[in-house]
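Observations on the three-dimensional arrangement
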Amino acid sequence: MKKILLTLLSVLTLATSVYAASTKQEALNFFNSYVTAANTYDPAVTTMYSPSARIIRVVVKPDGSTVTRVTDTKRYISEMKKSQVIAKIRQYKNNYSNIKVEQTGTDTYKISSLRQPSGETYKLKAYSVVKKQPNGKWLIIEEMMQTKVQMLINAK
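First things first, this report covers the structure right here in the doc. All residue numbers refer to positions counted from 1 along the written sequence of the respective chain. Only residues with pLDDT of 70 or above have their local features reported here, since the model is predicted, and side-chain atom pairs are shown and tallied only from 80 upward, although totals for entire chains, interfaces and linings are computed over all residues. Each side-chain value is worked out from all heavy atoms of the structure, with water and hydrogens disregarded.

As a further point, take the nonpolar core. Think of a nonpolar core as a cluster: buried Ala, Val, Leu, Ile, Met, Phe, Trp, Tyr and Cys residues, connected wherever their side-chain atoms sit within 4.5 Å. Type-normalised accessible area, obtained with a 1.4 Å probe on protein chains alone, sets the label of each residue: buried when under 20%, exposed when over 50%, and partly exposed for intermediate values. Judged by nonpolar contacts, the single largest core of 23 residues is most densely connected at Y34, Y49 and V130. Secondary-structure elements contributing two or more residues to this core are α1 (2-39), β1 (49-60), α2 (73-90), β3 (94-105), β4 (108-117), β5 (124-132) and β6 (138-147). Each helix is a run of DSSP H or I of at least 4 residues and each strand a run of E of at least 2, with the numbering of both proceeding from the N terminus. By residue number, the principal contributor to this core is α1, which donates six residues. Contacts: residue pairs with any heavy atoms within 4.5 Å of one another. V130 has contacts with A27, F30, D107, T108, Y109, I111, W138, L139 and I140, leaving out every residue within four places of it along the chain. In this structure, I56, Y127, V129 and M144 belong to the second largest nonpolar core, which totals five residues.

Turning next to empty space enclosed by the protein. Buriedness of a pocket was judged along seven lines, with at least five required to meet protein on both sides within 12 Å; pockets are open sets of points on a 1 Å grid over the protein atoms alone, cavities are sets where a 1.4 Å probe fits but cannot get out, and lining residues have an atom within 4 Å of a point. Grid points are joined across faces, edges and corners, and a volume is the space filled by probe spheres set on the points. On inspection of all chains with the given rule, the structure shows one cavity of 30 Å³ or more. For the largest cavity, the full set of lining residues is F31, Y34, Y96, S113, A126, Y127, S128, E143, M144 and M145. At the level of secondary structure, the elements contributing two or more residues to the lining of the largest cavity comprise α1, β5 and β6. All residues other than Ala, Val, Leu, Ile, Met, Phe, Trp, Tyr, Cys, Pro, Asp, Glu, Lys and Arg, Gly among them, are scored as polar; the first ten of these are nonpolar and the last four charged. Of the residues contributing to the lining of the largest cavity, the split by class is seven nonpolar, two polar and one charged.

Moving on to the sheet that holds β1. Strand pairing requires that DSSP identify at least two bridges connecting the strands. Across the sheet, which stays open at both edges, the six strands sit in the order β2-β1-β6-β5-β4-β3 with mixed pairing between neighbours. Both edges of this open sheet fall to β2 (66-72) and β3, since each of them pairs with a single strand only. Each neighbouring strand pair of the sheet contributes to a mean axis angle of 15 degrees, computed without reference to strand direction. Looking at chain direction, β1 and β2 are connected through seven bridges and run antiparallel. Among the inter-strand pairings, I55 is bridged to a residue of β2, identified as T71. Throughout, an axis means a line fitted to C-alpha atoms (over the contacting stretch in the case of helices), and angles, computed between N-to-C directions, take values from 0 to 180 degrees. Against the sheet, α2 contacts β1, β2 and β6, and its axis sits at roughly 70 degrees relative to β1.

Considering the arrangement of structural elements, one finds R115 in strand β4. All tallies of charge rest on Lys and Arg as positive and Asp and Glu as negative; His and the ends of each chain are not included. By definition, a salt bridge exists where a carboxyl oxygen of Asp or Glu is found within 4 Å of a side-chain nitrogen of Lys or Arg. It is E143 that comes nearest to the buried, bridge-free R115 among opposite-charge side chains, at 8.2 Å. Within the structure, the side chain of R115 is placed 2.8 Å from the side chain of N94, a separation counted as a polar contact. Setting aside residues up to four positions removed in sequence, R115 forms contacts with Y92, N94, N95, Y96, Y122, K123, L124, A126, M145, Q146 and T147. Two N or O atoms form a polar contact when they lie within 3.5 Å of each other; inside protein one atom must be a possible hydrogen donor and the other a possible acceptor, and for residues adjacent in sequence the pair counts only when both atoms belong to side chains.

Structure, rendered in structure tokens:
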């Protein structure tokens, strides 16, 4: 009996770790699809955010000080649609490095990275918190990016 319980416990532990690893990979795959959509100016990028996502921009000023701006999804998506036109003309893209995925809750992962805007030599901190929805779709529920250019001037 003891041997059967230990075997069942081992199988359950293995199954749990396999599920966690596959879900972590799913979160990373979603992030990579977001980066591709953003860098190809795909309008579908606007559907990758939760309607109640928290959007945080940390403006890094020339003297190194920072100012934090927070806005809601609706405002951010509106600004994104306008800026996509300019970004496409300029062929603006972001490259991400040092990507780390950390589970923060049930089906919720924080993906941290360094973001390098095209044409720049510096890298800025960024993270996205993504959550798998009951229907299986992944959404960004929080996003933070450092920036040297502030577009959301009147954000909350």
